[in-house]
Amino acid sequence: MGRYGDALEWLDSQADQMADLLKVWGNLNTGTFNPVGLEEFAKILSKTLSELADEVQIVRASPYEQIDGLGKLVPVHLGPNVVAAKRASASKRVLLAIHMDTVYGLESSFQKVERIDAATLRGPGVADAKGGLVVLLFALKAFERFVEANNQQSVGWDIIVNSDEEIGSPGSADLFAAAAKRVQLGMLFEPSLPHGGLISTRKGSGNFAIIVRGVPAHAGRDFHLGRNAIVASARVAVELNALNGRWPDLTLNVARIDGGGANNVVPDLGVVRFNIRYARQQHEAEIREAIDRIMTEISREIGVQMTLDGEFRAPPKLMTPELERMLKRIHTCGKNLGLELNWTSSGGVCDGNRLAAYGVPNVDTLGVRGGNIHSSEEFVLLESLVERAKLSALFLMKLADGEYDSPDSKADSSR
């Protein structure tokens, strides 16, 4: 492929090294709530990135609290994040990002990477998203070979590898906000669709908990004096579920109810946890009003008190002219490599939502092909490691050569 051929051919030679690195990284537990494992991985990653970047930092997570099973707001210790930068003064700057955390904690039975066959690895996070992290790393290695060979200095890059994406990035959101003021484009390495396709638009998401406080009483002698928080919680769950479909493409998943106690005590505590996915940001206020109405009516009827905790952390990612243009350019790069990369919308949420909310167009499924993510059958197709690294490297090389103009910097008050 002309001046890009050497860098792309070098990636072909790296297939075994990429697979070996993924096995090593996959065998390190980096569950979101395993700060010790995340700390260890952050040190390993920062050392690896220091071979490429001008600057690498391990950044502590912002403070985060969540509601526990007793309805109390308690601090949660999150792992650190890794940020890096190269050619900070370049006229074009791109953010490359992906998360190091997985959904598999220390208590999970799914801890080790196995080779299923010559083409497939199974293991925790091999697709979501340590495979994407390997792709990011080798794509940049190939790109920097191109930069050195051609003295092409026009593109600089930032990296964010965060430790809390699986819970909505509460401790790393400020890193994306800061990066959005410096960069014009975003490349995120969440796993692609199984056939290699890209995700274009995404629903928004919010996680919430309703804390229900009733009045305890002896279930036999003083039953009439009690105010049952579990009954109220169940009523809340049913009413929340009835909101499904009230707004276009809205889904509300009641995920869990905590609370209760001995059979002979009227329970005085319930915690209803739920997730909302929605298509339009303007629906947020209406959804909150509906939830408030449910809480008010049931509280009055049963005689309990309710409070709501949570927020909409990831606004919907909508199609824009800038996003469409970027998708088409990635599609063209795919064609150059013999890939047919179509795109579709998704109800899933990632840091691409957050970056788009700051006005930065981004393609967020540049990671590996695989499947069964968030399950003990998660797998990656090994050929996609080189395939996807070539895709991102080629896009960056064309961007550096001026084939693709990046949007003007938007680091202004409109953010």
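Residues numbered from 1 in each chain as written. Predicted model: local features only at pLDDT ≥ 70, side-chain atom pairs only at ≥ 80, totals over all residues. Heavy atoms only, no water.

## What to know about the overall build of the chain
Under the convention used in this document: In this description a helix means any DSSP run of H or I spanning at least four residues, a strand means any run of E spanning at least two, and both kinds are numbered starting from the N terminus. The size measure is the radius of gyration over C-alpha atoms, and the globule rule it meets is 2.2 Å times the number of residues to the 0.38 power. Residue burial is assigned from relative accessible area. The probe radius is 1.4 Å, only protein chains are included, and a residue is buried under 20% of its type maximum, exposed over 50%, and partly exposed in between. Only four residue types enter the tally: Lys and Arg on the positive side, Asp and Glu on the negative side, with His and both chain ends excluded. By convention, charge coordinates are those of NZ in Lys, CZ in Arg, CG in Asp, or CD in Glu.
Along the backbone of the chain there are ten helices and 20 strands. Computed over its C-alpha atoms, the radius of gyration of the chain comes to 23 Å, within 12% of the 22 Å expected for a compact globule of 415 residues. Across its three principal directions, the C-alpha atoms of the chain cover 85 × 45 × 35 Å. For the chain, the proportion of its 415 residues judged to be buried stands at 55%. Measuring between centres, the 45 positive side-chain charges of the chain sit 1 Å from its 52 negative side-chain charges.

## Some details on helix H10 (residues 383-400)
Let me state the cut-off plainly: Here a helix's expected span is defined as the number of its residues, less one, multiplied by 1.5 Å.
Taking 1.5 Å of rise per residue, 18 residues should cover 26 Å, and H10 covers 26 Å from first to last C-alpha, within 8% of that figure. Most of H10 is tucked away, with 17 of its 18 residues classed as buried. Phi turns positive one or two residues past the end of H10, at Gly 402, with a value near 85 degrees.

## Looking at the sheet that holds strand E11 (residues 204-213)
Put simply, the rule is: In short, DSSP must find at least two bridges between two strands for them to pair. In this description, a line fitted to the C-alpha atoms serves as the axis of each element, helices being fitted only across the stretch in contact, and the angle between N-to-C directions of two axes falls anywhere from 0 to 180 degrees.
Spatial ordering of the open sheet is given by E13-E15-E11-E16, a layout of four strands whose pairing is antiparallel. Every interior strand has two partners, whereas the edge strands, strand E13 (251-259) and strand E16 (305-314), have only one. The average undirected angle you get between the axes of adjacent strands in this sheet is 15 degrees. With eight bridges connecting them, E13 and strand E15 (residues 269-278) associate as antiparallel partners. Bridge pairing in E15 links Gly 259 to Gly 270.

## Some points on the packing of aromatic side chains
Basically, it comes down to this: Each Phe, Tyr or Trp ring (for Trp, its six-membered ring) is paired with any other whose centre lies within 6.5 Å, and the angle between the two planes then decides the class: stacked below 30 degrees, edge-to-face above 60, tilted in between. Lysine NZ or arginine CZ positioned within 6 Å of the ring centre and within 35 degrees of the ring normal marks a charge as sitting over the ring.
The final tally for this structure, using the stated rule, is nine aromatic pairs. Three or more aromatic residues joined by ring pairs make a cluster, and in this case those are Phe 208, Phe 274, Tyr 278 and Phe 312. Positioned above the aromatic ring of Phe 41 is the side chain of Lys 130, whose terminal nitrogen or guanidinium carbon lies 5.2 Å from the ring centre. One residue, Lys 141, lies across the ring of Phe 138, its end atom 4.6 Å from the ring centre.

## Some words on the sheet that holds strand E6 (residues 114-117)
Ordered in space as E6-E7-E20-E19, the four strands form an open sheet in which the pairing is antiparallel. Both edges of this open sheet fall to E6 and strand E19 (370-371), since each of them pairs with a single strand only.

## Looking at the packing of helix H8 (residues 321-336) against H10
Helix packing geometry: the angle between the two helix axes and the distance between the axes. Just so we agree on the cut-off: In this scheme, roughly parallel covers angles under 35 degrees and roughly antiparallel covers those over 145, while 65 to 115 is roughly perpendicular and the rest are oblique. Note on convention: near helix rotated counterclockwise from far helix by under a right angle means a left-handed crossing. Clockwise means right-handed. Here, residues are in contact when the closest pair of their heavy atoms is within 4.5 Å. Amino acid classes used here: Ala, Val, Leu, Ile, Met, Phe, Trp, Tyr, Cys and Pro are nonpolar; Asp, Glu, Lys and Arg are charged; the rest, including Gly, are polar.
Taken N-terminus to C-terminus, the directions of H8 and H10 make an angle of 115 degrees; their axes are 9 Å apart at the nearest point. Here H8 lies roughly perpendicular to H10, going by the angle between them. Along this stretch, H8 crosses H10, giving a crossing that reads as right-handed. Contact residues: Met 326, Arg 329, Ile 330, Thr 332, Cys 333, Gly 334 and Asn 336 in H8; Leu 391, Leu 394, Phe 395 and Lys 398 in H10. When grouped by side-chain class, the residues that make up the contact of H8 with H10 number six nonpolar, three polar and two charged.

## Comments concerning the environment of Gly 270
Structurally, Gly 270 can be placed in strand E15. Once the C-alpha coordinates of Gly 270 and Asp 401 are considered, the two residues, 131 residues apart in sequence, prove to be 59 Å apart. If we skip the residues at most four places from it in the chain, Gly 270 touches Ile 210, Ile 211, Val 212, Ala 229, Ile 230, Ser 233, Asp 258 and Gly 259.

## Looking at unusual backbone geometry
With an omega of 5 degrees, the peptide bond between Asp 128 and Ala 129 qualifies as cis. Here Ala 129 is to be found in the loop between strand E7 (120-122) and helix H4 (130-150).

## Here's the deal with the side chain of Glu 387
Its location among the elements puts Glu 387 in helix H10. Discounting residues that sit within four places of it in the chain, Glu 387 has contacts with Leu 339 and Arg 369.

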